[in-house]
Amino acid sequence: AEAEAQELREAILAYYVLSSGGQSDPEALSLAEVTNEVEKLLLRCGLQVEFETPDALAKLDRLGLCTQDSQGRYRAVDMPTALACVKRVADDSSTW
């Protein structure tokens with residue numbers, strides 16, 4: 001249960017970074033850029049942890065919460081789409 005909770009926390013942090021904290025038109029980010037931004041965010045919170053970016057992005061992709069372009073850069077889906085995905089997943093708890 002703790003491993004699943006950690007995986008979910010990582011996915012939420014990655015989504016937040018990809019959505020640029022709610023910016024209206026966030027840029028697509030590379031894997032390294034997502035890692036860097038999440039680690040900066042965690043350091044601002046006084047935390048120094050190893051963030052599993054590939055796992056977090058794979059989870060977001062599997063849930064339909066991000067897209068990847070032809071250059072391998074990631075972008076969060078918009079909030080209405082994200083909410084619909086989360087609702088769908090919540091209705092089918094086996095997806096987590």
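Just so it is clear, the model here is predicted, and its values are computed rather than measured. (Residues numbered from 1 in each chain as written. Predicted model: local features only at pLDDT ≥ 70, side-chain atom pairs only at ≥ 80, totals over all residues. Heavy atoms only, no water.)

Can you walk me through the environment of Leu83 in this structure?
Turning to its location among the elements, Leu83 is positioned in helix H4 (residues 79-91). Along the primary structure Leu83 and Leu65 are separated by 18 residues, whereas in three dimensions their C-alpha atoms are 9.0 Å apart. (Helix = DSSP H or I, 4+ residues; strand = E, 2+ residues; numbered from the N terminus.)

Looking at this structure, I do not really get the pattern of salt bridges. What am I missing?
Side chains carrying opposite charge are able to pair once their charged atoms draw close together. Considering all chains together, one arrives at six salt bridges under this definition. Here Glu37 and Lys40 are joined by a salt bridge, their closest N and O atoms 3.0 Å apart. With Glu37 and Lys40 both in helix H2 (residues 31-44) and three residues apart, this pair spans about one turn of that helix. Given a relative accessible area of 37%, Lys40 falls into the partly exposed group. Residues participating in the shared-partner salt-bridge network are Glu7, Lys59 and Arg62. (Salt bridge = Lys/Arg side-chain N within 4 Å of Asp/Glu carboxyl O. Buried < 20%, exposed > 50% of the residue type's maximum accessible area, 1.4 Å probe, protein only.)

Even after reading the chapter, I still don't get the nonpolar core, so can you show me in this structure?
Soluble, globular proteins show a tendency: their nonpolar side chains are buried together. If you look at the biggest cluster of nonpolar residues, it comprises 22 residues, and the most contacted ones within it are Ala14, Leu18, Val34, Leu57, Leu60 and Leu65. Counting residues per element, the ones that place at least two in this core are helix H1 (2-18), H2, helix H3 (53-63), strand E2 (74-76) and H4. Top element by residues in this core is H1. It accounts for five residues. (Core = buried A, V, L, I, M, F, W, Y, C linked by side-chain atoms within 4.5 Å.)

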